[in-house]
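# Reading the structure
Spelled out from the first residue to the last, the chains are:
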Amino acid sequence: MTDELKKRISAAGQEHLLRFIGQLSPEELTAYTEQLAGVNWEELPRLAAEYVLNRPEISIPADLSPAKFFPLAPADSDMAELYARADAKGAELLKNGKVCCLTVAGGQGTRLGFDGPKGTYPIGPVTGRTLFSYFASSIARAQEKYGKPINWYIMTSPINRQATEEFFRKENFFGLSGENVFFFTQGTMPAFGTGGKLLMSSKSSLALSPDGHGGTLLALRKSGALDKMIADGNEYISYFQVDNPLVPVVSPRFIGMHALEESEMSAIMLSKTNSKEKLGNFCVSGGRTMIIEYSDLPDELAEKRNADGSLAFVAGSPAIHVLSRTFVEKLTSGGTLRLPWHRADKKIGCLDETGTYFTPEEPNGVKLESFIFDALPLANKVMILEGDRAEVFAPTKNATGVDSAESCREMLTARNARRLALAGVEIPRNNDGKVDAVIEIDPARVLDDEDAVGLVNALGLKKILAGEKVAL
């Protein structure tokens with residue numbers, strides 16, 4: 001370890017990190033030195049002062065107003081014509097190979113009671129197909145439909161990178177070409193103790209945690225993913241998170257609207273079910289689009305109503321985006337990305353002063369993470385399009401209850417039933433209107449409503465029986 005690095009560490013007030021270096025093997029010292037060299041020591045005192053020693057106050061701009069969005073159903077004939085042009089434009093971009101997919105998949109299945117990367121969790125209501133299988137099969141169908149390969153970028157965490165890649169190899173990439181699947185790892189941030197000192201997970205390692213999905217953008221550059229996008233002619237990035245199998249991996253209308261509106265970063269919005277629903281709120285201040293978290297929006301704004309009684313701040317974010325590749329290039333030029341950090345107080349296992357590892361019973365430290373939606377105010381143009389919740393959003397965060405594997409499977413069945421009914425299939429329902437069957441459709445065969453009609457015609461399917469479990 002060089003004297004220069006030691007001086008930088010000490011100047012940042014973190015000399016305690018050097019306490020055990022005399023006890024390390026040459027291999028451990030080399031690895032630890034490399035880890036420490038990757039820390040921005042000059043920036044660290046500011047982070048400690050702003051986010052750790054002081055709890056950042058949430059400042060709500062005085063001019064905050066609801067963001068404008070394009071509604072799910074066109075409001076007039078001009079908008080209907082615009083949507084038709086967007087559908088055509090999105091299909092054209094897909095046929096020309098201008099679109100790629102990006103899945104944020106750094107999480108583990110811990111909250112689901114599952115040991116492994118969340119993407120390997122079995123979510124199919126009949127077959128138990130995994131989350132990754134849903135996305136891969138949908139991408140395969142999109143490639144077939146539009147006649148062009150679609151690159152799929154998958155951001156993992158340091159914890160699950162190896163397991164994720166092994167899973168894809170075991171599944172033979174779900175029939176996709178391995179050349180079109182690009183894994184990369186999100187960055188990490190060292191965890192702070194509440195006194196501003198960095199914590200250590202061992203004598204040869206800092207206590208590190210993923211830097212949040214905002215780190216996706218910089219990781220794209222550092223991993224070489226941006227270079228691959230440029231080489232392959234990908235201009236638009238369809239971004240979604242791994243826990244939502246209902247998401248359209250590529251939406252021609254969404255992509256087309258992004259392009260026609262010359263947006264740099266676009267978003268799907270969902271109409272909130274109530275004023276306190278746990279979705280970030282799309283807002284505008286100073287002409288810039290931003291998201292204010294549900295917990296930060298003051299009650300008087302959250303409850304504000306329009307003249308017709310509807311919520312004023314109705315647009316909630318399900319974290320579905322389209323980004324222009326050039327926008328990501330611009331934000332990460334020079335190999336840095338300046339997004340605000342968000343503080344999370346956590347129980348962090350670490351070493352005490354004697355070098356003994358312990359697991360605290362109460363929060364003892366602070367993790368900092370960045371959120372991708374904080375890039376919205378940096379975009380010169382933002383386009384927001386309303387989505388149909390029943391068609392695009394079924395997050396799998398918990399085992400049961402709200403936003404759970406249980407509710408997700410029900411929503412998958414409900415969407416599949418709607419598509420089959422659209423094609424003329426008789427669907428059994430309970431007295432409360434819920435589907436009285438469990439229905440799963442292979443996404444490799446059905447990407448959209450048009451595909452569902454084709455599948456039903458090919459199978460000659462007329463009716464689903466009450467209580468039946470059907471996998472098509």
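Quantities reported herein were computed from a predicted structural model and do not represent experimental measurements.

Each helix and strand counted, the protein has 14 helices and 22 strands in total. By principal-axis analysis of the C-alpha atoms, the protein measures approximately 75 × 55 × 45 Å. Out of the 472 residues in the protein, the part that is buried amounts to 52%. Counting only contacts in the protein whose residues sit at least 6 apart along the sequence, the fraction spanning at least 24 positions is 74%. Within the structure as shown, the protein displays about 21400 Å² of accessible surface, and the carbon and sulfur contribution to it stands at 49%. Here the protein holds 52 positive side-chain charges and 61 negative ones, and the gap between their average locations is 1 Å.

Once that is clear, we can look at the pattern of salt bridges. Within the structure shown, the criterion is met by 29 salt bridges. Between E440 and R129 there is a salt bridge; the shortest N-O distance is 2.7 Å. With E440 in strand β21 (residues 438-440) and R129 in the loop between β2 (99-104) and α5 (131-146), this pair connects stretches of sequence that are 311 residues apart. Overlapping salt bridges bring together R141, E144, K145, D448, E450 and D451 as one network.

Our focus in this paragraph is the sheet that holds strand β19 (residues 365-369). Pairing is antiparallel across the open sheet formed by three strands, whose spatial order is β6-β19-β16. Of all strands in the sheet, those with a lone pairing partner are β6 (192-193) and β16 (342-346), marking the two edges. Where β16 meets β19, five bridges bridge the pair, whose relative direction is antiparallel. Opposite D345, over in β19, you have V366 as the bridge partner.

It is worth spelling out helix α2 (residues 26-37) at this point. Compared with an ideal rise of 1.5 Å per residue, which puts 12 residues at 16 Å, α2 spans 16 Å between its outermost C-alpha atoms and is within 8% of the ideal. For α2, the full list of buried residues reads Y32, T33 and L36. Around the axis of α2, the buried residues are gathered within 105 degrees of arc, so they sit on the same side. For α2, the exposed residues set more than 90 degrees away from the buried face come down to E27, T30 and E34. If you follow the buried residues of α2, they end up packed against α1 (3-11), β7 (200-202) and β8 (205-206).

The set of residues buried in helix α6 (residues 161-170) consists of T164, E165, F167 and F168. Each buried residue of α6 sits inside an arc of 155 degrees when the element is viewed along its axis, so together they form one side. Away from its buried face, by an angle of more than 90 degrees, α6 presents the exposed residues Q162 and K170. Tucked into the core, α6 has its buried residues touching α5, β3 (152-156) and β4 (181-185).

Attention shifts here to the packing of aromatic side chains. The final tally for this structure, using the stated rule, is 13 aromatic pairs. For the ring pair W152 and F168, a centre distance of 5.6 Å and an interplane angle of 65 degrees mean the geometry is edge-to-face. Of this pair, W152 sits in strand β3 while F168 sits in helix α6, placing them 16 residues apart in sequence. The two residues W152 and F168 agree in class, both being buried. Ring centres 5.3 Å apart and planes at 50 degrees place the aromatic pair F371 and F373 in the tilted group. Judged on exposure class, the residue F371 and its partner F373 are both buried. An aromatic cluster is built from F132, W152, F167, F168, F173, F174 and F183, whose rings are joined through pairwise contacts. The ring of Y134 carries R129 above its face, with NZ or CZ at 5.7 Å from the centroid.

In terms of residue burial, strand β20 (residues 382-386) counts as a mostly covered element, since five of its five residues are buried. Neither face of β20 is open: one carries V382, I384 and E386, the other M383 and L385, and all of them are buried. Of the pairings in the sheet, the one linking strand β11 (residues 265-271) to β20 comprises five bridges and is parallel in character. Its bridge partner being in β20, I268 is matched across the sheet by L385.

For the rest of this paragraph, the subject is the state of the cysteines. Tallied over the full model, the rule gives zero disulfides. The thiol of C101 is unpaired, and the distance to the nearest cysteine sulfur, on C100, comes to 7.0 Å. By relative accessible area, which is 0% here, C101 ends up buried.

When you line up the elements, T289 lands in strand β13 (residues 288-292). Residues within four places of T289 in sequence aside, it is in contact with C283, V284, L376, P377, V382 and I384.

This paragraph deals with the packing of helix α13 (residues 405-422) against helix α14 (residues 449-459). With their axes 8 Å apart at the nearest point, α13 and α14 run at an angle of 65 degrees to one another. Here the hand of the crossing between α13 and α14 comes out right-handed. Contact with α13, carried on its side by R418, R419, L420 and L422, involves D449, A452 and V456 of α14 and no other residues of that element. For the contact of α13 with α14, a count of residues per class yields four nonpolar, no polar and three charged.

About the criteria used
Numbers given to residues run from 1 along each chain, matching the order in which its sequence is written. Given that the model is predicted, a residue must reach a pLDDT of at least 70 before its local features are reported, and side-chain atom pairs must reach 80 or more before they are shown or counted; all residues, however, enter totals for whole chains, interfaces and linings. The side-chain values count all of the structure's non-hydrogen atoms but skip hydrogen atoms and water molecules. The helix and strand labels rest on DSSP assignments: H or I over at least four residues marks a helix, E over at least two residues marks a strand, and numbering proceeds from the N terminus. For each residue, the accessible area found with a 1.4 Å probe, counting protein chains only, is set against the maximum for its type, and the residue is called buried under 20%, exposed over 50%, and partly exposed in between. Contacts are assigned to residue pairs with any non-hydrogen atoms lying within 4.5 Å of each other. To be clear on the numbers: accessible area is Shrake-Rupley with a 1.4 Å probe, and residue cover counts the displayed protein chains and nothing else. When charges are tallied, Lys and Arg are placed among the positive residues and Asp and Glu among the negative ones, while His and the ends of the chain are skipped. We put the charge of a Lys on NZ, of an Arg on CZ, of an Asp on CG and of a Glu on CD. The term salt bridge refers to a pairing of a side-chain nitrogen on Lys or Arg with a carboxyl oxygen on Asp or Glu at a separation within 4 Å. One bridge is not enough; two strands pair if DSSP finds at least two bridges between them. Take the number of residues in a helix, subtract one, and multiply by 1.5 Å to get its expected span. Our arc is simply the arc of the directions from the helix axis toward the C-beta atoms. Aromatic rings from Phe, Tyr and Trp, with only the six-membered ring used for Trp, were paired whenever their centres fell within 6.5 Å, and each pair was classed as stacked if the ring planes differed by under 30 degrees, edge-to-face if by over 60, and tilted otherwise. A ring has a charge above it when a Lys NZ or an Arg CZ is no more than 6 Å from the ring centre and no more than 35 degrees off the ring normal. Put simply, a disulfide is two cysteine sulfurs that come within 2.5 Å. In this description, a line fitted to the C-alpha atoms serves as the axis of each element, helices being fitted only across the stretch in contact, and the angle between N-to-C directions of two axes falls anywhere from 0 to 180 degrees. By definition, turning the near helix anticlockwise from the far helix through less than a right angle yields a left-handed crossing, and turning it clockwise yields a right-handed one. In this classification, the charged set is Asp, Glu, Lys and Arg, the nonpolar set is Ala, Val, Leu, Ile, Met, Phe, Trp, Tyr, Cys and Pro, and all remaining amino acids, among them Gly, are polar.

Shape is all these values report; function is a separate question.
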